[in-house]
Amino acid sequence: MGIILGIAVIYSALCFFYTAKYIIDNSEFSLCLFNPIELIEGSFDLAYLDLSKYIPMMIESYNKVIVNYTNLISEFVGKEYAILIFVAVGFILVIAGCVSKPSREFAGEESNPQEYLFTSRPRSILKCIVMPWNIFVVTWRFKKIPVIIPIILIPFIIPFAILMDIVLLIIFLIAKGIMGARIKSAFSKDDAIYKKVTQYAVCPKCKRNFYQPKVKCRCGLVIDYPVPDVHGVSMHTCNKGHTIPCTNVDGARGKLKIVCPYCKEEIQTHEAKPLTFSMVGASGSGKTTMMLSAVESISAVAKSKGITTEPVSSSISLNIQRAKDTVAPTVTGELDSQCLFIRSREFPEKEIIFNDISGLEFEPDSEKILFEEYYKYNDGIVFAIDPLEVYALFNSNSPSKASKTSPTNTFEAFYSMFTEINGYGPSVQVTVPMAIVFTKMDNPRVSSIVNAESSPEEFLNKYGQESFVKIVKSTFIKVRYFTIASLGNDISSAAEPFKWILMENDEDLKTKVF
Ligand SMILES: Nc1nc2c(ncn2[C@@H]2O[C@H](COP(=O)(O)OP(=O)(O)O)[C@@H](O)[C@H]2O)c(=O)[nH]1
Ligand SMILES: [Mg+2]
Ligand SMILES: [Zn+2]
Ligand SMILES: [Zn+2]
């Protein structure tokens, strides 16, 4: 805005200068336009167009009108200075209008409180045309009565306001074109990077998934995710005047305070590509312990390669990882997903999200929306099985045996919700990787019964879970069985199911981390 207005003010000031000269020389008014072409060949003194040569009738009648004003003071200062004083006052009122507050009103709506660019605010052309006349708005807003002053002086405001309008409009339209092109190219560049590096964002609180979140300014105003647009090309400004980066050059935008557009909670996304695991399995099957050991083990591997991992949720913090053998069972109502950021100089940041609620530990009805999101956006499913439970169930003589939790029951409950939410038909082939994990292998009793069979599948077949093995195989294209220990001397196996899923989903992690 400053540049556009600056050029317009300088040009009209030059016009005023020639006009003033004309008035003093001729004791008469004529509007003289500065003509820079004349400057090249002629002298500075003559570099103007005298409008009385082109529209003599108009200038003549104009002089008849203003004589009523100038006569009031011409007795005291002489005719030429009387005209000059009035014309100068008119010129000053026009300039004052242009730089006044109403001309600098760019605030965005309440729903997105950030300032517009001068060239992109709503009805910007109209607002540009109104600028030289804004002295009326200013005086009216001030105390209403003072608006009489510009109304009385209107004959002196009109010539320079019209001149200013024409000059402003020409420069404005050129600037609008240039800004439009700059916004377009900056936006497509930024959007291409975002689509490639980040893809989308996930809320660990409400599990919903969206292209871009909202951003909270340091003053508390919540604005749309800043991207190069009508609010700015590299910086945006909130309605209270704070600047906010609108590209992720040097990771600036990734450091902003993020707000979920749905639940409005403050979250972290860092412009990191989210990779989401959903943990499935009966209560006590070892999901939470496996997740903690996996985080610990992945962090150790990453560290040895100069990669930083940052667990942001308290439930997977370092202290909890260390005390995992005493971890409290997942409590109903504690629904936040766990997030871990992975940073390296070699690749863009990644966000690993663990959805550690089996879904079966809750009434699906009361948490329906949550689970809809939970099972919709998945990069992999980790299905935990406690082999000892399978074994005990098979050897049990209890008459209520059929209703006890078995991998088949758990899988069926999960599968019906999973297919319903995703709208899959009965014969669908799911491409999401499915890791089936036998936990607690550090326990000698567990490892002896499992290792007695040739493979985990054989174990399940032998102990009454053939149907589970079959449905999983027919539904999921990518299935892999793992046997892990989350406690004991060596917990590195706990990371294997997660590594497999990460490698299936992300080139950077596949080639640079594992
Ligand atoms: N020995 C051993 N115990 C485990 C292992 N994984 C889990 N547990 C124990 O099994 C119980 C249930 O584990 P938890 O992770 O809370 O299961 P969740 O309900 O599926 O999250 C806890 O007492 C854990 O200490 C393991 O790999 N080895
Ligand atoms: Mg748990
Ligand atoms: Zn949310
Ligand atoms: Zn602000």
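Reading the values: rules and limits
- Residues numbered from 1 in each chain as written.
- Chains lettered and ligands numbered in written order.
- Predicted model: local features only at pLDDT ≥ 70, side-chain atom pairs only at ≥ 80, totals over all residues.
- Buried ≥ 20, exposed ≤ 12 C-beta atoms within 10 Å, placed from the backbone.
- Helix = DSSP H or I, 4+ residues; strand = E, 2+ residues; numbered from the N terminus.
- Arc of directions from axis to C-beta.
- Contact = placed C-beta atoms within 7 Å.
- Near = placed C-beta within 6 Å.
- Nonpolar A, V, L, I, M, F, W, Y, C, P; charged D, E, K, R; others polar.
- Axes fitted to C-alpha atoms, helices over the stretch in contact; angles between N-to-C directions.
- Parallel < 35°, antiparallel > 145°, perpendicular 65-115°, else oblique.
- Left-handed = near helix turned anticlockwise from the far one by under 90°.
- Pairing = 2+ DSSP bridges.
- Expected span 1.5 Å × (residues − 1).

A. Up close: helix 16 (residues 466-475). Among all positions of helix 16, only Phe468, Val469 and Val472 are buried. Projected down its long axis, helix 16 carries its buried residues within an arc of 100°, all on one side. Among the structural elements, helix 13 (407-422), strand 16 (434-438), helix 15 (456-462) and strand 17 (479-483) are those in contact with the buried residues of helix 16.

B. Representation of the site of ligand 1 within the structure. Ligand 1 sits among 20 residues. The nearest are Gly286, Lys287, Thr288, Thr289 and Ser486. The element that contributes the greatest number of residues to the shell around ligand 1 is helix 9 (residues 287-304), accounting for 3 residues. Tallied by class, residues from the shell around ligand 1 come to 5 nonpolar, 11 polar and 4 charged.

C. Structural view of the packing of helix 4 (residues 79-99) against helix 8 (residues 154-197). It is at 8 Å that the axes of helix 4 and helix 8 come closest, and there the two elements cross at 45°. Between helix 4 and helix 8, the angle falls in the class oblique. You can see that helix 4 and helix 8 cross each other, and the crossing is right-handed. Packed against helix 4, whose contacting residues are Phe86, Val87, Val89, Gly90, Phe91, Leu93, Val94 and Cys98, the element helix 8 presents Phe156, Ile157, Phe160, Ala161 and Met164 at the interface.

D. Expanded view of the sheet that holds strand 5 (residues 214-216). With respect to topology, 4 strands assemble into an open sheet ordered 6-5-9-10, the strand pairing being antiparallel. Each edge of the open sheet carries a strand with a single partner, namely strand 6 (222-224) and strand 10 (266-267). In the sheet, strand 9 (residues 257-259) pairs with strand 10 via 2 bridges, with the strands oriented antiparallel. Note on strand 10: the bridge partner recorded for Val259 is Glu266.

E. Highlighting the sheet that holds strand 13 (residues 338-343). Pairing is mixed in the open sheet, where 7 strands are placed in the order 12-13-14-11-15-16-17. For this open sheet the edge positions go to strand 12 (308-311) and strand 17, each flanked by a neighbour on one side alone. Within this sheet the neighbouring strands show an average axis-to-axis angle of 20°, counted without direction. Relative to strand 14 (residues 350-355), strand 11 (residues 273-281) runs parallel, the two sharing 6 bridges.

F. Molecular detail of the pairing of strand 11. Within strand 11, 9 of the 9 residues are buried, which leaves it mostly tucked inside the rest of the structure. Of the two faces of strand 11, both are covered, the one formed by Lys273, Leu275, Phe277, Met279 and Gly281 as well as the one formed by Pro274, Thr276, Ser278 and Val280.

G. Region of interest: helix 13. An ideal rise of 1.5 Å per residue puts 22 Å on 16 residues; helix 13 measures up with 22 Å between its terminal C-alpha atoms. Listing the buried residues of helix 13 in full gives Pro407, Thr410, Phe411, Phe414 and Phe418. Angularly, the buried residues of helix 13 cover 90° about the axis, an arc narrow enough to put them on a single face. Backbone geometry just after helix 13 places Gly423 at a positive phi near 65°.

H. Region of the structure containing the environment of Phe482. Positionally, Phe482 belongs in strand 17. Beyond its immediate sequence surroundings of up to four residues, Phe482 is in contact with Ala435, Val437, Phe438, Glu496 and Pro497.

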